[in-house]
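# Results of the structural survey
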Amino acid sequence: MIEKSVLICGRSGTGKSYSLRNLRNPEGVMYLNCEGKSLPFPNKFQKFDVTEPMQVYEALTAVNDMSDVHTVVIDSASYLMEMFETQIVNTSSNTQRAWGDYASFIKDLCLVYLKKCTKNVVILSHVVSVYNSDLLINETRANIKGSVGKGNGFESYFTNVIYTKIVPVDKLKPNDCLAITPRDEKKGFKHVFQVEVTKETVHESIKVPPGIFDDDVTYVENDVQIVLDKLEKYYAN
């Protein structure tokens, strides 16, 4: 179900993987590791190393019949598509056709496999700055190449796109989804999710449906379970 899929974008070190640490019933999380790295916290996820892109299709199909799994995590879309480029595009005798296959893989991932998936799906992605010659600005986008990256972007397939940020504490306003702890005060900054675009971040594709968070909420805890709970409540109404 694409409406309950969440795309989490951010630069390295801003807390994308760490945001998974509080996922409820961790034994029911299928973690698809496309990067070959270890998670930065102890966990009981069902972990699978992705070595071929099509394995993600297979996992998203198989998981629908797995009653013990409630959430699928793809970490990350950037490395998944880098894998596709290395294994399929770079080895093809017809690179133009292979780049078309690259775009088709993304479209099928989002419009077929994610749409049919009955579980929560969390996809992480690194970001890159892309110059928009029409608007004459640099835009921050999910690090996806080809026609998808140059066009409307990977984010265009998602209803829920949030960014990981490191924000000075004095720029944060506590809310029901964000608390400033003594440790945060001591550090002077906090890892958070940005869920609302501001005038300083209009170049980023941050978006969630109106009503999921209160109108005055820009930042929430770096905790994907909070987002999933909000989505569950929103779509239950």
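Description of the structure in this document.

What counts and what doesn't
- Sequence order sets the numbering: in each chain, residues are counted from 1 along the sequence as written.
- Local features are withheld for residues below a pLDDT of 70 in this predicted model, meaning they are given only at 70 or higher, and side-chain atom pairs are given and counted only at 80 or more; totals for whole chains, interfaces and linings count all residues.
- Only hydrogens and water are set aside; all other atoms, that is, all heavy atoms of the structure, feed into the side-chain values.
- Secondary structure counts use DSSP, requiring at least four H or I residues in a row for a helix and at least two E residues in a row for a strand, with both numbered from the N terminus.
- Just to be clear, the radius of gyration here is over C-alpha atoms, and the globule rule we use is 2.2 Å times residues to the power 0.38.
- For every residue, the accessible area (1.4 Å probe, protein chains only) is compared with the maximum for its type, and the residue is labelled buried under 20%, exposed over 50%, or partly exposed between those bounds.
- The criterion used for residue contact is that any of the two residues' heavy atoms lie within 4.5 Å.
- For accessible areas, the Shrake-Rupley method is used with a probe of radius 1.4 Å. Any residue's cover is judged against the shown protein chains and nothing else.
- For the purpose of counting charges, residues Lys and Arg are taken to be positive, whereas Asp and Glu are taken to be negative. His and the chain ends are not included.
- Charged side chains are reduced to one point each, which is NZ for Lys, CZ for Arg, CG for Asp and CD for Glu.
- Buried residues of nine kinds, namely Ala, Val, Leu, Ile, Met, Phe, Trp, Tyr and Cys, make up a nonpolar core once their side-chain atoms join them within 4.5 Å.
- Only Phe, Tyr and Trp rings are paired, with Trp represented by its six-membered ring, and only when their centres lie within 6.5 Å; those with planes under 30 degrees apart are stacked, over 60 edge-to-face, the remainder tilted.
- What counts as an axis is a line fitted to C-alpha atoms, over the stretch in contact for a helix, and the angles between N-to-C directions run from 0 to 180 degrees.
- If an angle is under 35 degrees, it is roughly parallel; if it is over 145, roughly antiparallel; if it lies from 65 to 115, roughly perpendicular; otherwise it is oblique.
- We call Asp, Glu, Lys and Arg charged. Ala, Val, Leu, Ile, Met, Phe, Trp, Tyr, Cys and Pro are nonpolar, and the rest, Gly among them, are polar.
- The disulfide criterion used throughout: a pair of cysteine sulfur atoms within 2.5 Å.
- The rule for pairing is simple: two strands pair if DSSP sees at least two bridges between them.
- In the analysis that follows, any N or O atom pair within 3.5 Å is treated as a polar contact, provided that within protein one partner can donate a hydrogen and the other can accept it, and provided that, for residues neighboring in sequence, both atoms belong to side chains.

## A closer look at the overall build of the protein
A count of helical and extended segments in the protein gives 6 helices and 10 strands. Radius of gyration (C-alpha) of the protein: 18 Å, near the 18 Å computed for a compact globule of 237 residues. Based on the C-alpha atoms only, the size of the protein along its principal axes is roughly 55 × 50 × 35 Å. Expressed as a percentage of its 237 residues, the buried residues of the protein come to 49%. Considering only intrachain contacts with a sequence separation of at least 6, the fraction spanning at least 24 residues in the protein is 69%. Within the structure as shown, the protein displays about 12000 Å² of accessible surface, and the carbon and sulfur contribution to it stands at 49%. When the 27 positive and 30 negative side-chain charges of the protein are each reduced to one mean point, those points stand 2 Å apart.

## A short note on the nonpolar core
One broad trend across soluble globular proteins is that nonpolar side chains are buried collectively. Counting 42 residues, the largest nonpolar core has L60, I123, I144, F154 and F158 as its most contacted members. Here the element with the most residues in this core is helix α3 (residues 95-116); it accounts for 8 residues. Once residues lying within four places of it in the same chain are set aside, the contact partners of L60 are V72, I74, L109, Y113, L114, C117 and V121. Core analysis: the next-biggest nonpolar cluster, separate from the first, contains 25 residues, L20, F45, V224 and L228 among them.

## Looking at the packing of aromatic side chains
Within this structure, the stated rule accounts for 10 aromatic pairs. Ring centres of Y18 and F41 lie 6.3 Å apart, and the angle between their planes is 70 degrees; this geometry places the pair in the edge-to-face category. Residue Y18 is located in the loop between β1 (5-9) and β2 (29-33), and its partner F41 is located in the loop between β2 and β3 (46-49); the two are separated by 23 residues in the primary sequence. The exposure class assigned to F41 is buried, which follows from its relative accessible area of 11%.

## Overview of the packing of helix α1 (residues 54-62) against α3
With their axes 11 Å apart at the nearest point, α1 and α3 run at an angle of 5 degrees to one another. The angle between the axes of α1 and α3 places the two elements in the roughly parallel class. Taken together, the residues of α3 that come into contact with α1 (itself represented by M54, V56, Y57, L60 and T61) are S104, F105, D108, L109, Y113 and L114. Residue composition of the contact of α1 with α3, grouped by class: 8 nonpolar, 2 polar and 1 charged.

## Re the state of the cysteines
Disulfide: a covalent bond formed between the sulfur atoms of two cysteine residues. Inspection of every chain in the model, using the stated rule, returns 0 disulfides. Here C9 stays unpaired: no disulfide links it, and the sulfur of C110, its closest cysteine neighbor, is 12 Å away. With no disulfide of its own, C177 has C9 as its nearest cysteine by sulfur position, at a separation of 20 Å.

## Focus on the sheet that holds β3
Pairing is mixed in the open sheet, where 8 strands are placed in the order β3-β2-β4-β5-β1-β8-β9-β10. Both outer strands of the open sheet, β3 and β10 (219-221), are each paired with one neighbouring strand and no more. Sheet twist, expressed as the average angle between the axes of neighbouring strands with direction ignored, equals 25 degrees. In the sheet, β1 pairs with strand β8 (residues 160-168) via 4 bridges, with the strands oriented parallel. What sits directly across from C9, in β8, is Y163. On the sheet, helix α6 (residues 224-236) packs against β1, β4 (71-75), β5 (120-125), β8, β9 (189-194) and β10 and is oriented at approximately 145 degrees with respect to β1.

## Structural notes on the side chain of E35
With respect to the helices and strands, E35 occurs in the loop between β2 and β3. In terms of polar contacts, E35 uses its side chain to reach the side chain of H126, at 3.1 Å. Sequence-distant contacts of E35, defined by excluding residues within four places in its chain, comprise D75, S76, Y79 and H126.

Shape is all these values report; function is a separate question.
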